[in-house]
Amino acid sequence: MLPPNVHATGLLPAHLLGGLVDAAVLHGGQGTVQTACAAGIPFVGMGLQPEQVWNVDQCVRQGNALALSPKQAGTLALADAVRRLLTDDGMRTAAERVRAAYADEDGAAASAHVIQARLAGQG
């Protein structure tokens, strides 16, 4: 049985959970990592593919994430990692710093600019 402050659900719009989630456990995919970073949520990442491991490692370097191997998912290491996310003020501070960096970016506009520049160069 889960404690009353843990909710198991189906699909949720993760980008709308900022402010409602204190910590996340994710697989390290680009979408989930970017969503956690943009929302200021520290996370435990368990990359399944090389690029997912890389995504998690980049956040570990920033201090807003912890990395575990997928084999640790069913062990006390996961509970310990989540506990650290919830109690380590440094991790929360790092997650907020990363969130603030994201707040000043406009990914769609930057992508459109790169695409337009490339197309103009091929003209």
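For the structure given in this document, a descriptive report is provided here.

Rules used in this analysis
Residues numbered from 1 in each chain as written. Predicted model: local features only at pLDDT ≥ 70, side-chain atom pairs only at ≥ 80, totals over all residues. Heavy atoms only, no water. Core = buried A, V, L, I, M, F, W, Y, C linked by side-chain atoms within 4.5 Å. Buried < 20%, exposed > 50% of the residue type's maximum accessible area, 1.4 Å probe, protein only. Helix = DSSP H or I, 4+ residues; strand = E, 2+ residues; numbered from the N terminus. Contact = heavy atoms within 4.5 Å. Salt bridge = Lys/Arg side-chain N within 4 Å of Asp/Glu carboxyl O. 1 Å grid on protein atoms, 1.4 Å probe; cavity = no way out; pocket = protein on both sides within 12 Å on 5 of 7 lines; lining within 4 Å. Points joined across faces, edges and corners; volume = space filled by probe spheres on them. Nonpolar A, V, L, I, M, F, W, Y, C, P; charged D, E, K, R; others polar.

### Section: the nonpolar core
Side chains of nonpolar character tend, in soluble globular proteins, to be buried together.
Consideration 1: By size, the foremost hydrophobic cluster in this structure holds eleven residues: Ala24, Leu26, Val33, Ala36, Cys37, Ile41, Phe43, Val56, Cys59, Ala65 and Val98.
Consideration 2: For this core, the leading source of residues is helix H1 (residues 30-39), giving three residues.
Consideration 3: Ala24 has contacts with Ile41, Pro42, Phe43, Val44 and Leu85, leaving out every residue within four places of it along the chain.
Consideration 4: By size, the runner-up hydrophobic cluster in this structure holds eight residues, among which are Val44, Leu68, Ala81 and Met91.

### A closer look at the pattern of salt bridges
Consideration 1: Within this structure, the stated rule accounts for three salt bridges.
Consideration 2: With a closest N to O distance of 3.1 Å, Arg84 and Asp88 form a salt bridge.
Consideration 3: Glu96 is paired through a salt bridge with Arg99; the nearest N and O atoms lie 2.6 Å apart. In this pair, Glu96 and Arg99 are both assigned in helix H4 (residues 89-103), three residues apart and thus about one turn of the helix distant.

### Describing the layout of surface pockets
Consideration 1: One number sums up the size of the largest pocket: a volume of about 980 Å³.
Consideration 2: As for the largest pocket, its lining consists of 23 residues, and the residues nearest its centre are His7, Val21, Asp22, Ala23 and Ala24.
Consideration 3: Broken down by secondary-structure element, the contributors of at least two residues to the lining of the largest pocket are strand S1 (24-26), H1 and helix H3 (76-87).
Consideration 4: Of the residues that constitute the lining of the largest pocket, the class distribution is 16 nonpolar, six polar and one charged.

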